[in-house]
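Chain residues, written in single-letter form:
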Amino acid sequence: MKTVQISEHIWKCSIWVGITVSAWVVQSEDGLTLVDTGISLMSGGIEKCFRQLNAPLQRILLTHGHSDHSGGIVRIRSKFPVPVYAHAEEIPYMEGRLPYPGRSKAEKLAEPGLVQPLDDRAAAAAGLRTVHTPGHSPGHVAYYHEQDGVLLAGDLFTEKRGRLNRPMPMFTADMKQAVESGAVVAQLNPRLVSVCHGGNVLISSPQEQYKAYALAAIK
């Protein structure tokens, strides 16, 4: 697994398993926040990042509940029993009470009661702003680190040749809604967008870059 510091307070942990899968470690005054856990195989590398930063893990924030974003929860919490948060709309799908839109069967990705409804205060303690960005999944959120100017976008986008690209269609519940949610780039004006499946996208002209993305995504 590869860990790269992408801004003053944020480290991106990535592994290649046919596609890139990533999670983020965010440092703040009270310690560390893990944004997504990736797959279980990434847990050791993520824990190594914690040790190198020499600060306590305080919380886990999920962009959404798909298994490549929540698959490391059990292993990480076996050593760091911290609270886990996801948007309230995501929890019934994670607990296996409902199948994700477009899927025929429900899948239990978390024990009932383990994942708590996302509290903006938890994100704020990490220096992050929560933005509901549905489409890829009903409760998908992105996290904006205003001080660093970095948007942790989860699966709101993928990245292709250094540009914003649409999320993977086969796993996206509502592509039209997902593309509309991507307008957060034009609204927040981040300097960098970091995605789970791909690299990082430098944002120099947010209005134009989102417009180009939206036109390409609906073709």
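What counts, and at which threshold
- Residues numbered from 1 in each chain as written.
- Predicted model: local features only at pLDDT ≥ 70, side-chain atom pairs only at ≥ 80, totals over all residues.
- Heavy atoms only, no water.
- Helix = DSSP H or I, 4+ residues; strand = E, 2+ residues; numbered from the N terminus.
- Contact = heavy atoms within 4.5 Å.
- Areas by Shrake-Rupley, 256 points an atom, 1.4 Å probe, with all protein chains shown as cover.
- Pairing = 2+ DSSP bridges.
- Axes fitted to C-alpha atoms, helices over the stretch in contact; angles between N-to-C directions.
- Core = buried A, V, L, I, M, F, W, Y, C linked by side-chain atoms within 4.5 Å.
- Buried < 20%, exposed > 50% of the residue type's maximum accessible area, 1.4 Å probe, protein only.
- Salt bridge = Lys/Arg side-chain N within 4 Å of Asp/Glu carboxyl O.
- Phe/Tyr/Trp six-rings, centres within 6.5 Å; stacked < 30°, edge-to-face > 60°.

Visitor: Could you clarify how one ought to interpret the overall build of the protein in this entry?
Guide: Helix and strand counts for the protein come out as 8 helices and 14 strands. Its C-alpha atoms give the protein principal-axis dimensions of roughly 45 × 40 × 35 Å. Taking contacts inside the protein between residues at least 6 apart in sequence as the whole, the part at least 24 apart equals 60%. If you sum the accessible surface of the protein, you get close to 10,100 Å²; carbon and sulfur atoms cover 50% of it.

Visitor: How do you make sense of the sheet that holds strand β1 (residues 2-5) when you look at a structure like this?
Guide: Within a sheet, each strand pairs with its neighbour through backbone hydrogen bonds, oriented either parallel or antiparallel. Within the open sheet, the 7 strands sit side by side as β1-β2-β3-β4-β5-β6-β7. Their pairing is mixed. Both outer strands of the open sheet, β1 and β7 (115-117), are each paired with one neighbouring strand and no more. The average undirected angle you get between the axes of adjacent strands in this sheet is 30°. Here 4 bridges tie strand β4 (residues 31-35) to strand β5 (residues 57-61), and the two strands are oriented parallel to one another. Counted as the bridge partner of threonine 33 is arginine 59 from β5. Strand contacts of helix α1 (residues 43-53): β1, β2 (10-16), β3 (20-28), β4 and β5, with the helix running at about 25° to β3, the strand carrying the most contacts.

Visitor: Hey, could you run me through the nonpolar core in this one?
Guide: Across soluble globular proteins, nonpolar side chains show a tendency to be buried alongside one another. Val25, Leu34, Leu61, Leu128, Tyr143 and Leu152 are the most contacted members of the largest nonpolar core, which totals 46 residues. With 5 residues, β3 is the largest single contributor of residues to this core. Leaving out residues up to four positions away in the same chain, valine 25 has contacts with His9, Ile10, Trp11, Cys13, Leu32, Thr33, Leu34, Cys49, Phe50 and Leu53.

Visitor: Would you mind going over the pattern of salt bridges with me for this structure?
Guide: Any two side chains of opposite charge can pair, so long as their charged atoms come close to each other. Tallied over the entire structure, the rule returns 6 salt bridges. The shortest N-O distance in the salt bridge between glutamate 95 and arginine 97 comes to 2.9 Å. In this structure glutamate 95 comes out as buried when scored by relative accessible area, which is 13%. Among the residues examined, arginine 97 registers a relative accessible area of 54% and is labelled exposed.

Visitor: Would you take a moment to explain the packing of aromatic side chains for this structure?
Guide: Under the definition given, this model contains 4 aromatic pairs. Judged by centre distance (6.0 Å) and plane angle (45°), the rings of tyrosine 210 and tyrosine 213 are tilted. Here tyrosine 210 pairs with tyrosine 213, and both are found in helix α8 (residues 206-217), just 3 residues apart, close to one helical turn. Through pairs of rings, three or more aromatic residues link up here, namely Phe157, Tyr210 and Tyr213.

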